[in-house]
Amino acid sequence: MIRFLALAALVLLSACGGGEETLPEETACFGGGYRLEDGRVVGMIPRGDGDIRYQFFSGETGGIYRGDDGIWRSNDGDVAVDLGACGSTAITFTMDGTETAGTRLPYIVTETIFDGVDGKRAGRLVLPADQPTKAIIVSVHGSERWSGRTGGRLQSIMPAFGIGVFAYDKRGTGASEGKYTQHFGILSGDAIRARNEARRLFGEEIPIGYLGGSQGGWVAPYAASQDDAAFVIAAYGMAISPAMEDEEEVVHRLREAGYGEDVIEKAREITAATRKIIRSDFKEGFKELSDARKKYKNEPWYDEIYGEYTRDLLNAPNIGIRIVGPFRAGLVWPWKAEPNTPNYQPRPVIESLDVPQLWILAEDDRAAPSATTLEILRDVQTTNGLLDVVVFPDTDHGMVEFTEDEDGERTYTRVTEGYYALIRDYVLTGEPTLSVTGPVVYRRDAAAEAPE
């Protein structure tokens, strides 16, 4: 999702380009999918710092690091993975004392360079070699600045089930040209070109659609509204504007801290001021922000306010915001063009799509609170008969489960069980089927009534 962060620091960061992410050769050779003898599928995702992240299709995930004996281990020692030497197809995966052998899955990997909206983009198509490809997912990643081509998880596990994945580096990241941006028009244009490239490389007529996570939940539907995608999956995204996301985060955090609606209404005065600043391109809202600071700075809940940008604006002097804000916006968010990113309204796009849509929401999402998005999607279901929604409980942004200490600090443990299976089954069948109990499914054919 969009992050304002520390104003001065981001000015410096925003001036920097992407740069190609080069994986160490001794690590990159292990990337791909493996099937263990008990039937489980696990992906190995090499990282730029020389370690590897494992990702089970069932959700278990973690980092492993190579020891002097050549064995890859987790920091706590509960996981040990023997991948052999580069070129080996064998794997031995030990977790919690249980050792399971397995074999590397045969994938066909095609690297490509294609034309983006302005400049070249680096892409990678990963297909199964041992079975027909039934569909292809174009992976539209979020606001992160690292390579979606080398760092994504879908391409390591989905081909095991006959689903190809086309991943690419967004502009200004990885090996792609251009300046990093969060402009949805530009990003959706690149997504469309990525889908065209996947079609060109594969050559045959099979379903090819989008999966966008986080910020990609805005970009993927927007791209699908302009082409003939076979499906759209929006994961832990939002059906409200980026500017409104900030208020949703502020409200969510205050409610988590136990504050009632009286405090929430006061906090909305602050977010209304900061939203006015953002929406006006740093020209208006400063008096309102100063008034809100003076009015509430001694309230016990004042320091509990975070959000996408409100905390940063509260902490910065108005003169600093006036000077730094537009500079950052010009470098990172070219808001003058259409669609105006902070004010982008996703609902009309979601309503108008005439292709199957699956929205996957995390019920306890702190970065993209899902309550209002769910209300909007349920309302849209009354007029759009191609929209399904699934909500996973006890899950945060990125569809990850967590433990929480008494101070509310979260430790993230794994990708929630059933998430990847839901994606697989939806792509292959068009149905939001679940392999686990717990998530709530709001089906397109359930004659949904508008929320009260």
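Criteria and thresholds
- Residues numbered from 1 in each chain as written.
- Predicted model: local features only at pLDDT ≥ 70, side-chain atom pairs only at ≥ 80, totals over all residues.
- Heavy atoms only, no water.
- Core = buried A, V, L, I, M, F, W, Y, C linked by side-chain atoms within 4.5 Å.
- Buried < 20%, exposed > 50% of the residue type's maximum accessible area, 1.4 Å probe, protein only.
- Helix = DSSP H or I, 4+ residues; strand = E, 2+ residues; numbered from the N terminus.
- Phe/Tyr/Trp six-rings, centres within 6.5 Å; stacked < 30°, edge-to-face > 60°.
- Lys NZ or Arg CZ within 6 Å of the ring centre and 35° of its normal.
- Pairing = 2+ DSSP bridges.
- Salt bridge = Lys/Arg side-chain N within 4 Å of Asp/Glu carboxyl O.
- Axes fitted to C-alpha atoms, helices over the stretch in contact; angles between N-to-C directions.
- Parallel < 35°, antiparallel > 145°, perpendicular 65-115°, else oblique.
- Left-handed = near helix turned anticlockwise from the far one by under 90°.
- Contact = heavy atoms within 4.5 Å.
- Nonpolar A, V, L, I, M, F, W, Y, C, P; charged D, E, K, R; others polar.

**Concerning the nonpolar core**
Part 1 of the argument: Residues Ile136, Phe166, Tyr168, Tyr210, Trp359 and Leu377 are the most contacted members of the largest nonpolar core, which totals 44 residues.
Part 2 of the argument: For this core, the element with the highest residue contribution is helix 5 (residues 184–202), accounting for seven residues.
Part 3 of the argument: Counting residues in hydrophobic clusters, the runner-up holds 34 residues, among them Phe57, Val126, Ala135 and Phe392.

**Thoughts on helix 14 (residues 419–429)**
Part 1 of the argument: Summarising burial for helix 14: nine of the eleven residues are buried, a large majority.
Part 2 of the argument: If you check which residues of helix 14 are buried, you get Tyr419, Tyr420, Ala421, Leu422, Ile423, Arg424, Asp425, Tyr426 and Val427.
Part 3 of the argument: A positive phi of about 80° marks glycine 430, the residue just after helix 14.

**Topic: the packing of aromatic side chains**
Part 1 of the argument: For the coordinates displayed, the defined rule picks out 15 aromatic pairs.
Part 2 of the argument: Taking 6.1 Å as the distance between ring centres and 75° as the angle between the ring planes, the aromatic pair formed by phenylalanine 114 and tyrosine 168 counts as edge-to-face. Of this pair, phenylalanine 114 sits in strand 9 (residues 107–115) while tyrosine 168 sits in strand 12 (residues 163–168), placing them 54 residues apart in sequence. Taken as a pair, phenylalanine 114 and tyrosine 168 share a single burial class, namely buried.
Part 3 of the argument: The rings of Phe57, Phe161, Tyr419 and Tyr420 are connected pair by pair, giving a single aromatic cluster.
Part 4 of the argument: The cationic tip of arginine 311 hangs over the ring face of tyrosine 302; the distance from NZ or CZ to the ring centre is 5.6 Å.

**Focus on the pairing of strand 12**
Part 1 of the argument: Among the six residues of strand 12, six are classified as buried, and the element is accordingly described as predominantly covered.
Part 2 of the argument: Taking every second residue as pointing to the same face, both faces of strand 12 are buried, with Ile163, Val165 and Ala167 on one and Gly164, Phe166 and Tyr168 on the other.
Part 3 of the argument: Two strands pair when backbone bridges link them, and strand 10 (residues 120–128) and strand 12 are joined in this way by four bridges, in the antiparallel orientation. Bridging from a neighbouring strand, arginine 124 pairs with alanine 167 of strand 12.

**Considerations on the pattern of salt bridges**
Part 1 of the argument: Under the criterion given, the structure shown has 33 salt bridges.
Part 2 of the argument: Where arginine 410 meets aspartate 396, a salt bridge forms, and the shortest distance between an N and an O atom there is 2.8 Å. With arginine 410 in strand 18 (residues 410–415) and aspartate 396 in the loop between strand 16 (387–392) and strand 17 (400–404), this pair connects stretches of sequence that are 14 residues apart.
Part 3 of the argument: The exposure class assigned to aspartate 396 is buried, which follows from its relative accessible area of 3%.
Part 4 of the argument: Residues participating in the shared-partner salt-bridge network are Glu256, Arg366, Asp396, Glu404 and Arg410.

**Thoughts on the environment of threonine 150**
Part 1 of the argument: If you trace the backbone, threonine 150 turns up in helix 3 (residues 148–151).
Part 2 of the argument: Along the sequence, threonine 150 and proline 46 sit 104 residues apart, while their C-alpha atoms lie 7.6 Å from each other.

**Brief notes about the pairing of strand 6 (residues 79–82)**
Part 1 of the argument: Where strand 5 (residues 72–73) lies against strand 6, two bridges are found, and the strand directions are antiparallel. Within the sheet, the bridge partner assigned to tryptophan 72 lies in strand 6 and is valine 81.
Part 2 of the argument: Linking strand 5 to strand 6, which pair antiparallel, is a turn of five residues; within it glycine 77 sits at a positive phi near 80°.
Part 3 of the argument: Pairing of strand 6 with strand 7 (residues 90–95), which is carried by four bridges, proceeds in the antiparallel orientation. Within strand 7, the position partnered with valine 81 by the bridge is phenylalanine 93.

**Topic: the packing of helix 8 (residues 261–279) against helix 9 (residues 286–296)**
Each pair of packed helices gets described by two things: the angle between the helix axes and the distance between those axes.
Part 1 of the argument: Contact pair helix 8 / helix 9: the axes reach a minimum separation of 8 Å and the direction vectors enclose 155°. One element, helix 8, and the other, helix 9, form an angle in the roughly antiparallel class. Considering only the axes of helix 8 and helix 9, their crossing is left-handed. Residues Lys266, Glu269, Ile270, Ala273, Thr274, Lys276 and Ile277 of helix 8 pack against Phe286, Glu288, Leu289, Ala292, Lys295 and Tyr296 of helix 9.
Part 2 of the argument: Grouping the amino acids of the contact of helix 8 with helix 9 by side-chain chemistry returns seven nonpolar, one polar and five charged.

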